[in-house]
Amino acid sequence: MTMMVWGVNLSAVKGLTETLDILLVAAIRMVIAAVVMAVMAWQWGRSLTHWKSREWLLLVVAAFFLVYGQQILFAAGLAKTSATNAALVLALGPMVSLSLEAMVFRRPIFMRQFIGMALALAGIAAVILNRPHAVMTSAAWGDVWIFLSVMGFALGGLCIQRLTLNSSPLSVTFVVHFVGALMLCLHVIASVDAPVDHLQKMNLWQWSLAGFSAVFATGIGSVVWSRGISTIGVGRTASYISWVPIFGVLFGALFFSEPVTEWHAIGLLGVIGGSMLIVRR
């Protein structure tokens, strides 16, 4: 269900970034999401005072990689490469997360999981490469930035997995996104001309899209994501990211009248089979 919401969120963020700076959009979403998480943490979270200095440092590192670094690198990469290239590089996320988890937490990767990652990646590629206006370009620095954003997301997930061993996923997610939102706001103030004027010019539809993205996709979605990491690990949780492009295409067809072809059915089968192989105990 979270991946379905994230699929809708692709269309929402796409609509926002057509008229607003991508970093300003990220900052707005993260600030609203942090407020939502603060309310949730106040109602259901645990106390934050029991954390030690080492854990607070890990929280800041997680905020840097998972929120700030991922958004900055993604924006920089998207400005230097095609959307098709970016989508294909992002599809490597589950493979990167599973590999890093295996190295850091010394967990084995089984052959069926390798096969599952290959199937899911092939399914995503089938969908992305056969979309209207799909444009593949030669490897460029933008692809490197996008891949580094994938690495940042995976490293932040590893920090979340370590922190949630002894802490509430809700409290951890709140602090990580609060600190990350603060970093993004400082970056926006330093790099975007007159950000307050941009906020004042936003209409009701733009605020509605930002509110949906912040509350459901970023706020509630991130808490669910962290709970998944604390329960089944960052590697198996990351395998569900393969569903985001599938849902993104389906909702793109619904909202933007993009055609659905047999390639989408092939991609869906690949993602279903790959996900089942990866997450099976």
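A quick note: this is a predicted structure, and the numbers were derived from the prediction, not measured.

A. Representation of the packing of aromatic side chains within the structure. Under the defined criterion, the tally for this structure stands at 7 aromatic pairs. Summarising the aromatic geometry, the rings of Phe64 and Tyr68 are spaced 5.7 Å apart at their centres and angled 40° between planes, so their arrangement reads as tilted. Placement of the pair is Phe64 and Tyr68 together in helix α3 (residues 53-78), with a separation of 4 residues, close to one helical turn. Accessibility expressed as a relative area gives 40% for Phe64, which makes it partly exposed. Connected via pairs of aromatic rings, a cluster forms that spans Trp6, Phe153 and Trp225. For the cation-ring pair, Arg107 lies above Phe105, with the distance from its terminal atom to the ring centre recorded as 5.9 Å.

B. Local environment of the nonpolar core. In terms of nonpolar packing, the biggest core is built from 66 residues, with Met3, Leu59, Val172, Val176, Leu184 and Trp225 touching the most fellow members. For this core, the element with the most residues is helix α2 (residues 22-44), which contributes 12 residues. In contact with Trp225, not counting residues within four places along its chain, are Met3, Trp6, Phe153, Thr237, Ala238 and Ile241.

C. Main features of helix α10 (residues 204-232). Helix length check: α10, at 29 residues, gives a terminal C-alpha distance of 39 Å against a target of 42 Å (1.5 Å per residue), a fit within 8%. Of all bends in α10, the biggest is about 35°, found at Gly221. The opening residue of α10, the one whose side-chain oxygen lies 3.2 Å from the backbone nitrogen of Trp205, is Asn203. Looking one or two places after α10, you find Gly233, whose phi comes out positive at around 90°.

Cut-offs and rules
- Residues numbered from 1 in each chain as written.
- Predicted model: local features only at pLDDT ≥ 70, side-chain atom pairs only at ≥ 80, totals over all residues.
- Heavy atoms only, no water.
- Phe/Tyr/Trp six-rings, centres within 6.5 Å; stacked < 30°, edge-to-face > 60°.
- Helix = DSSP H or I, 4+ residues; strand = E, 2+ residues; numbered from the N terminus.
- Buried < 20%, exposed > 50% of the residue type's maximum accessible area, 1.4 Å probe, protein only.
- Lys NZ or Arg CZ within 6 Å of the ring centre and 35° of its normal.
- Core = buried A, V, L, I, M, F, W, Y, C linked by side-chain atoms within 4.5 Å.
- Contact = heavy atoms within 4.5 Å.
- Expected span 1.5 Å × (residues − 1).
- Bend = angle between axes of the 7 residues up to and from the residue.
- Polar contact = N/O pair within 3.5 Å; in protein donor to acceptor, adjacent residues only side chain to side chain.

Such coordinate-based values are descriptive only and should not be taken to indicate function.
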